[in-house]
Structure formats: C-alpha cells, structure tokens
Amino acid sequence: MKTNQALAAMVAALVLLSPMKKAQAQAGAQTPQAMEARLTRDVSLKYLLYLPETYGADAAKKWPLLLFLHGAGERGANLSKVAVHGPPKLIKQGTNFPFIVISPQCPAGERWDDEALLALLDHAAAKFATDTNRVYLTGLSMGGFGSWSLAARCPERFAAVAPICGGGNTIDVLLASRTRASALKSLGLWAFHGAKDPVVPLAESERMLAAFKRAGCTDAQLTVYPEAGHDSWTEAYNDPRLYAWFLQHSRRQ
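Report follows, based on the coordinates. (Residues numbered from 1 in each chain as written. Predicted model: local features only at pLDDT ≥ 70, side-chain atom pairs only at ≥ 80, totals over all residues. Heavy atoms only, no water.)

### Some remarks on the side chain of Ser-205
Where we set the bar: A run of H or I in DSSP becomes a helix once it reaches four residues, and a run of E becomes a strand once it reaches two; helices and strands are each numbered from the N terminus. Should any heavy atoms of two residues lie within 4.5 Å, those residues are counted as being in contact.
As for its position among the elements, Ser-205 is in helix H7 (residues 202-214). Among residues more than four places away in sequence, those in contact with Ser-205 are Trp-148, Gly-166, Phe-192, His-193 and Leu-222.

### Here's the deal with the pattern of salt bridges
Applicable threshold: Salt bridge, as used here, is a side-chain nitrogen of Lys or Arg placed within 4 Å of a carboxyl oxygen of Asp or Glu. Each residue is placed in one exposure class: buried if its accessible area under a 1.4 Å probe, protein chains only, is under 20% of its type's maximum, exposed if it is over 50%, and partly exposed if it falls in between.
Throughout the structure, instances matching the rule amount to nine salt bridges. Here Asp-122 and Arg-157 are joined by a salt bridge, their closest N and O atoms 2.7 Å apart. Here Arg-157 lies in the loop between helix H4 (142-153) and strand E5 (160-164) and Asp-122 lies in helix H3 (residues 114-127), a separation of 35 residues in the sequence. Where Glu-156 meets Arg-180, a salt bridge forms, and the shortest distance between an N and an O atom there is 3.0 Å. With Glu-156 in the loop between H4 and E5 and Arg-180 in the loop between helix H5 (170-177) and helix H6 (181-185), this pair connects stretches of sequence that are 24 residues apart. Overall, Glu-156 belongs to the partly exposed group, its relative accessible area being 34%. Each of Arg-41, Asp-113 and Glu-115 takes part in salt bridges that share partners, so that together they form one network.

### Some thoughts on the nonpolar core
Heads up, the rule is: Residues belong to one nonpolar core when they are buried, are Ala, Val, Leu, Ile, Met, Phe, Trp, Tyr or Cys, and are joined through side-chain atoms within 4.5 Å.
Judged by nonpolar contacts, the single largest core of 41 residues is most densely connected at Leu-65, Leu-67, Ile-102, Phe-158, Leu-189 and Phe-212. Only strand E2 (63-69), strand E3 (100-105), H3, strand E4 (130-140), H4, H5, strand E6 (188-194) and H7 provide two or more residues apiece to this core. No other element matches the six residues that H3 contributes to this core. Look past the residues within four positions of Phe-158 in its chain and what remains in contact with it is Leu-121, Val-135, Tyr-136, Leu-137, Leu-150, Leu-187 and Arg-251. Formed by 25 residues, the second largest nonpolar core is a distinct cluster that contains Phe-99, Cys-165, Tyr-243 and Phe-246.

Given below as structure tokens:
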C-alpha cells in the first residue's frame, strides 16, 4: 500500500513539474495555450563619426567613446541635421574632443531603439580603437529619453550618462536593479533640465534621477537652469566641465 502511495505521489509531482500543455479551446472556458514564432529583424543606422586629431598615432592606444542621441527634430535621412545641436555641432565649429564621437540619426517617424543603438556600439567597438570601459552616453529631448532608457536597461555598457531634458519609465530602473545592481551603483549620472521647460517637464528628470538613486546609484546629480525652457542643451553642451566629468569615469574603477 505504501509503495502504491509513493508511486502516486511521484506521478503527481511529475505532472506538476512538466511544462504546461496546450488544451482544446472551449467556449466559455479558460484553457492554457501557447504560441511559437521565429522573429528576425535587421537594423540600420547612419551616423556621423568624429575621431580625435591624434587618433591612430599610437596603434596600441584605446580611446573613450561618446554616443550622442539627437532630438525628434533631427530625424530623417539628411545626416547633416544631426550636427544642428550638441557635440556634433561643436565639432563642426572646430571643437577638438579627446574621444571618439558617434552621432547616429534616427529614421523619420521613429524613436530611438535600444537594440539598434547597442548594435551600433558593438559595431563601433569592433571597427574603431575603443576603450570599452570608457563609453559615455548623452542625448537631448527625444535623445534624453533614449539616454535614460539605455542607462536603465544596460548600465553595464556605460561609464557615465548625461541625459538632457528627457524622461523615461522608472519601471525599467526597478527591473534592471534586480540583475544589474552593481552596474547601476557604479554608473556616473548627470542630468540637465530647464526649470521652465514647456515640452518635457522638469519633473521627468527628477523622477528618473530619484529612481536611479533608489536603485543604488550614488554618483547622480541634476543641474537645473532656472531660466531655460526646453533648450537646456545649449548651455549644458557648451560647458567644458561636462566633458571633463565624462573622462573622470571608467568602468574599470
């Protein structure tokens, strides 16, 4: 009798542990179902590339890399529009940066895609002499949203991030904190926003910064320009302290 009871218990346990099988659909009843599909997706991004003046002089030297994400107004197929604001604008005006600058263009009618941007970083790391411990990220407006998103989902890919007049989903930070806690804690984060921004409220940056701090990020700060509207990026990107701050950060530390 005991042998039969033990056998029955084992069978019951195996049933509970086995994968749920699809049942016959019935009207008026809730039944377990499953869907399987294979998805493939090609991604493509055009970008402006800046290499420092002495790039290549020392074949063994690895360079920091800055990824810049533009705003919604620069989307499309005209790559020159990417240089309207931010680091590519400064480069066009003659600024020499001590790091590689990658400035992609988002296609018309789309938003920044995390997977495409990560693929771009992989492409850049393979093609250029990149120090993968010193990868920096920044963006304005829609690019600020893109920066918050990438920082929340893949903090281990960046040493420091500077989102400008952006926002995001705090749930992304919460989910990342469960698997990437150490990366979040060691991430450098400097957000910028205009106090009078009528497009993206200052509260957006405040919410995201608070979420990162709750997740353990200690190197986190927010600069608010009291009289700035949506264009808080001009003052932020014209400040050389931002680039010095980037260069102070390394994943090795």
